[in-house]
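Chain and residue survey
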Amino acid sequence: MKNKENKYLITSALPYVNGELHIGHLVGCYLPSDVYARFCRAMGRDVLFICGADEHGTPTIVGAAKEGMSIIDYNNKYLEKHLKSVNDFNLSFDLYGRTHTELQEKLIHELFLRLDEQGLIEERETIQPFSVDDDMFLADRQIEGTCPKCGYEKARGDQCDACSATYEANELKNPHSVISGGTNIEMRPTKNLFFLASKIEDKWKEWLTIKSPKWSKSAHAIAKGWANEGLRDTSITRDLSWGIPVNKPGFEHKVFYVWFDAPWGYVSISQAATNDWADWWKNNKCHYAQFMGKDNVKFHAVFFPEQQLAMNDGWKTVDMLKGLNFLNFEGAKISKSTGNGIFLETAITEAPADTWRYALMASAPETDDTDFTIQRFADIVNKDLNGILGNFVSRVCKMTEKSFENKIPANAKTNDFNLDKRINEKLSDLTTALDACEFRAAITALRSIWAIGNEFMTEQEPWTLVKNNDLTRAGVVLNECFQLIDFYARISAPFIPDTADKIRSIFKNKKDLSWPAEYKHRIKNDEEFIVPENLFARIDEEKIKSMTEKYIKQAPKIVIAKILSASAHPDSDHLQVLSVDAGDGKTLEIVCGAPNARAGLVGVLARVGATLPGFDKPLEKRKVRGIISNGMMCAADELGIGADHDGILELPDDSVIGSEFKM
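Described below are features of the structure shown in this document. (Residues numbered from 1 in each chain as written. Predicted model: local features only at pLDDT ≥ 70, side-chain atom pairs only at ≥ 80, totals over all residues. Heavy atoms only, no water.)

**Some words on the side chain of Asn75**
- Looking at the secondary structure, you find Asn75 in helix 3 (residues 71-88).
- For Asn75, the side chain forms a polar contact with the side chain of Glu55, separated by 3.2 Å.
- Each residue touching Asn75, except ones within four places of it in the same chain, is listed here: Val17, Glu55, Thr60, Arg98 and Trp242. (Helix = DSSP H or I, 4+ residues; strand = E, 2+ residues; numbered from the N terminus. Polar contact = N/O pair within 3.5 Å; in protein donor to acceptor, adjacent residues only side chain to side chain. Contact = heavy atoms within 4.5 Å.)

Set out below in structure tokens:
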């Protein structure tokens, strides 16, 4: 009989197949889930690790139209690129699949019928945007306008990228068609099917109370916000030509809403991966961990489990929901349109996969949005990977070969090193952090264990022992170092798998990479070894300069921006906390003391990294009375165009938000 209590189901958010993947995608869900999956396997757990391309919805329709391709050819093009990145960065999915499959359509049709039979589907007439110029109803990403919540002027039909609010398309202000640009939008009646989430709200809230305290803090907070707001019945059909057709008479020309369809892709991809898929998905004793960016949390914490619970059919719901914040690059949002950021297709040509894996996990945006820079990447690689781990392995192997040839010298059965306690304390920290999916804490513990090896060599000075002809004692010290090298391969493997394999290949008799319960010796006296090539190469100033010139292409640092909201600072009578639209789809929070600061004001924003006239150094993030200020709304004198310092420089309302302000 199979052990149902050792099953671990791990899913990584399905990326839209409408573009290339970048380092933000990598650290936002794929790397954390891969590190966790590798750790679980090393612990001997029975893992099913799933991801794949989300092929439906308007992003693919809009993307294919822009490139003049059929939708399926467009999807195949980008799926191939995604699969290459999966391979390049050693993401160990059991299957990286797709949602445009017969398995997915069959599953969605069965699930819909079950909900319908239980009285949880209702037909309603809704008013939807119709583009007269395009002669069609517009779906969520085919219409843009002004957000009804925050005033962001490039909000999508269902969701605002600036404030993350969700709403119906008919709530948008000043709408226009993304297809033609036409503003001749009429609100016309159409019939849609709704999932009656309100009927299972109590059941979902009870479930959330039990589950969400174990999630990451950001995921827990987002879910609780939805619980406080209350659940709304949700339209699950769309007037589109692409997607899973609705299997209900009268709705044959509609498709299912992508967020009704996509999360179940985890199941259909699992079905494609293994005939035993139900051992995870219909097993309440299985541990289920989900990984995603914070913008997807609401769908995984609310929409997907609502449906699972409504089925009353034993579907496994999430135990650990890890929602990560956003990774910015060099002070700005990663964006294909502006060219800011590093995309995976080129990242792998700049440095080996393991350097990216480690540096990104060391920078994981777990609690706040995090800024990743080329200099930070170089510092982490040079200090941690090359300076600590690589340096230790190289010194030990070369010194041993010189004094003892290619055989590991003998170690006494007992020694006075007392490394066990120090290492096992850190190993406990590392194991606990990985089990809790706290990755920066895990990196800190891993780095500390690596450092013990270099500290040990410094304390014992085997080179001095060799010089003094005390080869017996030198051999004992170096033998201990090889035990550490073997141990390092095991605990590093989830993070840097290629390097771990290189390290274990040092030994003629390769050892397994199972997760250690404690530090123990596994390498035998006189075992043969091979001196490896350097595990890592330093990233020098020339390389930093080259990458800087190639990749730092973000929007200007001083731009025209609009204040979306202004609220009193909780700890100051004269300060306000501003929410600012800088034109890149992401609001900035800024602390400001200007008397004229108010919602709707259009002015000049100095981004983090900008150097203003008369300032000695670039502007940095700073904490003002407990709140982080991510830039500055500028007065005239700060811009060097006048003497006025009493308030924010005000610009005409029709100024182009996000455009460079030229002084």
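Further notes follow.
**Examining helix 6 (residues 217-229)**
- Given a rise of 1.5 Å per residue, 13 residues ought to cover 18 Å, and the 19 Å separating the end C-alpha atoms of helix 6 matches this to within 8%.
- Within the sequence span of helix 6, burial applies to Ser218, Ala219, Ala223 and Ala227.
- Where helix 6 ends, the next residue or the one after it, Gly230, has phi of about 95°, a positive value. (Expected span 1.5 Å × (residues − 1). Buried < 20%, exposed > 50% of the residue type's maximum accessible area, 1.4 Å probe, protein only.)

**Points about the packing of helix 12 (residues 353-361) against helix 13 (residues 374-404)**
- Put simply, helix 12 and helix 13 touch, their axes get as near as 9 Å, and they point 100° apart. Between helix 12 and helix 13, the angle falls in the class roughly perpendicular. Residues Asp354, Thr355, Trp356, Tyr358 and Ala359 of helix 12 lie in contact with helix 13, whose contacting residues are Phe377, Ile380, Val381, Asp384 and Leu385.
- Residues belonging to the contact of helix 12 with helix 13 are distributed by class as follows: seven nonpolar, one polar and two charged. (Axes fitted to C-alpha atoms, helices over the stretch in contact; angles between N-to-C directions. Parallel < 35°, antiparallel > 145°, perpendicular 65-115°, else oblique. Nonpolar A, V, L, I, M, F, W, Y, C, P; charged D, E, K, R; others polar.)

**Details of the pattern of salt bridges**
- Under the definition given, this model contains 37 salt bridges.
- The residue Asp34 makes a salt bridge to Arg357 at a minimum N-O spacing of 2.7 Å. Placement of the pair is Asp34 in helix 1 (residues 23-42) and Arg357 in helix 12, with a sequence separation of 323 residues. The burial state of Asp34 is the same as that of Arg357; both residues are buried.
- A salt bridge links Lys191 to Glu123; the nearest nitrogen and oxygen atoms lie 3.6 Å apart. Of this pair, Lys191 sits in strand 9 (residues 185-195) while Glu123 sits in strand 4 (residues 121-131), placing them 68 residues apart in sequence.
- Look at Glu123 and you get partly exposed, because its relative accessible area is 42%.
- Through salt bridges that share partners, Glu20, Lys81 and Glu345 make up one connected network. (Salt bridge = Lys/Arg side-chain N within 4 Å of Asp/Glu carboxyl O.)

**Focus: the nonpolar core**
- By size, the foremost hydrophobic cluster in this structure holds 171 residues, and its most contacted members are Ile23, Tyr36, Trp356, Leu430, Ile485 and Tyr488.
- The element that contributes the greatest number of residues to this core is helix 13, accounting for 13 residues.
- Counting 15 residues, the second largest nonpolar core, distinct from the first, contains Val559, Leu588, Cys592 and Ala594. (Core = buried A, V, L, I, M, F, W, Y, C linked by side-chain atoms within 4.5 Å.)

**Remarks on the sheet that holds strand 2 (residues 46-53)**
- The five strands lie next to each other as 3-2-1-13-14, forming an open sheet whose pairing is parallel. The strands lining the two open edges of the sheet, one partner per strand, are strand 3 (95-98) and strand 14 (320-324). Strand after strand, the sheet turns through a mean of 20° between neighbouring axes, direction not considered.
- Examined bridge by bridge, strand 1 (residues 7-12) and strand 2 share five bridges and lie parallel to one another. The residue bridging Tyr8 from the neighbouring strand is Val47, located in strand 2. (Pairing = 2+ DSSP bridges.)

**A look at the sheet that holds strand 6 (residues 143-146)**
- Strand order in the open sheet formed by three strands is 7-6-8, with antiparallel pairing between adjacent strands. The open sheet terminates on both sides in strands that have one partner only, identified here as strand 7 (155-156) and strand 8 (173-177).
- Relative to strand 7, strand 6 is paired through two bridges, and the arrangement is antiparallel. Residue pairing for strand 7: Glu144 is matched across the bridge by Arg156.

**Digging into the packing of helix 13 against helix 15 (residues 439-460)**
- Their axes nearest at 10 Å, the elements helix 13 and helix 15 cross at an angle of 35°. Relative to helix 15, helix 13 is oriented so that their crossing is left-handed. Packed against helix 13, whose contacting residues are Arg376, Asp384, Leu385, Ile388, Leu389, Asn391, Phe392, Arg395, Val396 and Met399, the element helix 15 presents Arg440, Arg447, Trp450, Ala451, Gly453, Asn454 and Met457 at the interface.
- The residue inventory of the contact of helix 13 with helix 15, partitioned by class, reads nine nonpolar, three polar and five charged. (Left-handed = near helix turned anticlockwise from the far one by under 90°.)

**Let's talk about unusual backbone geometry**
- Unlike most non-glycine residues, Glu461 shows phi in positive territory, near 50°.
- Locating Glu461 in the fold gives a position in the loop between helix 15 and helix 16 (462-467).
- Despite not being glycine, Asn469 has its phi angle at roughly 65°, a positive value.
- Mapped onto the elements of the fold, Asn469 is located in the loop between helix 16 and helix 17 (471-492).

**Observations concerning helix 5 (residues 201-211)**
- What helix 5 keeps buried is the set Glu201, Trp204, Trp207, Leu208 and Lys211. Take helix 5 and look down its axis: the buried residues cluster within an arc of 125°, on one side only. Among the exposed residues of helix 5, those oriented more than 90 degrees off its buried face are Asp202, Glu206, Thr209 and Ile210.
- Elements in contact with the buried residues of helix 5: helix 6 and helix 10 (297-311). (Arc of directions from axis to C-beta.)

**Topic: the packing of aromatic side chains**
- What the rule picks out here adds up to 26 aromatic pairs.
- Ring centres 5.1 Å apart and planes at 90° place the aromatic pair Phe39 and Trp515 in the edge-to-face group. Pair noted here: Phe39 is in helix 1 and Trp515 is in the loop between helix 18 (497-504) and helix 19 (541-551), with a separation of 476 residues, a long-range link.
- Look at Phe39 and you get buried, because its relative accessible area is 0%.
- When its relative accessible area of 8% is taken as the criterion, Trp515 is described as buried.
- With a centroid separation of 4.9 Å and 50° between ring planes, the pair formed by Phe482 and Phe529 is classed as tilted. Note that Phe482 is positioned in helix 17 and Phe529 in the loop between helix 18 and helix 19, a separation of 47 residues in sequence. Like Phe482, the residue Phe529 is buried in the burial classification. (Phe/Tyr/Trp six-rings, centres within 6.5 Å; stacked < 30°, edge-to-face > 60°.)

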